[in-house]
Amino acid sequence: EGCGVGMAPHLPELVPYLIRCLQENKALVRSITCWILCRYSSWILASQKYLEPLMQGLLERILDTNKRVQEAACSAFAQLEEEACTELVPYLLPILQTLVLAFGKYQHKNLLILYDAVG
């Protein structure tokens, strides 16, 4: 899909860098990073090495103070969830804890995205 084949040799260096970018001070960088990481979720799932740090980073961003980052993180999580299926079972407790907190924090627009991620 897209330039995935051409990017594949660079992903072992790029993915850890992008996961670190989820902690960036600028909300726009965090938001775009969520979007980029979900585009490589198939590769991340296949490698297994980066799944746990990605999950941790996305769950933190789901509870971000910025609404756009929340939206991007929720969408990225939903994409990852679709592809991962049972590979997320070990992370169910932190996923559920995060989603419960998000339900208490989100307002109308992001609630719809959160419902999509849960459903």
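The following refers to the structure shown. Keep in mind that this is a model prediction, so the values were computed, not measured.

### Let's talk about the layout of surface pockets
Over the atoms rolls a probe the size of a water molecule, and in doing so it shows where empty space is left. Looking at the second largest pocket, its volume works out to about 150 Å³. Lining the second largest pocket, in full, are Lys67, Arg68, Gln70, Glu71, Lys105, Tyr106, Gln107, His108, Lys109 and Asn110. Breaking the lining of the second largest pocket down by element, the ones donating at least two residues are helix H6 (67-84) and helix H8 (108-118). Considering each element in turn, the lining of the second largest pocket owes the most residues, four residues, to H6. Here the residues of the lining of the second largest pocket sort into one nonpolar, four polar and five charged.

### A look at the packing of aromatic side chains
Under the criterion given, the structure shown has two aromatic pairs. When the centroid spacing of 5.7 Å and the interplanar angle of 20 degrees are considered together, the rings of Trp43 and Tyr50 count as stacked. For Tyr50, a relative accessible area of 10% corresponds to the buried category.

### Some details on the packing of helix H7 (residues 92-105) against H8
Their axes nearest at 10 Å, the elements H7 and H8 cross at an angle of 155 degrees. One element, H7, and the other, H8, form an angle in the roughly antiparallel class. In this structure, H7 crosses over H8, and the sense of that crossing is left-handed. Across from Leu99, Ala102 and Phe103 in H7, the residues of H8 making contact are Leu111, Leu114, Tyr115 and Val118. When the residues that make up the contact of H7 with H8 are grouped by side-chain class, the tally is seven nonpolar, no polar and no charged.

### Examining unusual backbone geometry
Generally, phi is negative for residues other than glycine and the peptide bonds are trans, each holding for most cases. The backbone phi angle of Gln48 is positive, close to 65 degrees, even though this residue is not glycine. Note on placement: Gln48 falls in the loop between helix H4 (41-47) and helix H5 (51-62). Its relative accessible area of 43% is what places Gln48 among the partly exposed residues. In the Ramachandran plot, Cys85 falls in the positive-phi region, its phi being about 55 degrees despite a non-glycine side chain. The topology assignment puts Cys85 in the loop between H6 and H7.

Thresholds applied
Residues numbered from 1 in each chain as written. Predicted model: local features only at pLDDT ≥ 70, side-chain atom pairs only at ≥ 80, totals over all residues. Heavy atoms only, no water. 1 Å grid on protein atoms, 1.4 Å probe; cavity = no way out; pocket = protein on both sides within 12 Å on 5 of 7 lines; lining within 4 Å. Points joined across faces, edges and corners; volume = space filled by probe spheres on them. Helix = DSSP H or I, 4+ residues; strand = E, 2+ residues; numbered from the N terminus. Nonpolar A, V, L, I, M, F, W, Y, C, P; charged D, E, K, R; others polar. Phe/Tyr/Trp six-rings, centres within 6.5 Å; stacked < 30°, edge-to-face > 60°. Buried < 20%, exposed > 50% of the residue type's maximum accessible area, 1.4 Å probe, protein only. Axes fitted to C-alpha atoms, helices over the stretch in contact; angles between N-to-C directions. Parallel < 35°, antiparallel > 145°, perpendicular 65-115°, else oblique. Left-handed = near helix turned anticlockwise from the far one by under 90°. Contact = heavy atoms within 4.5 Å.

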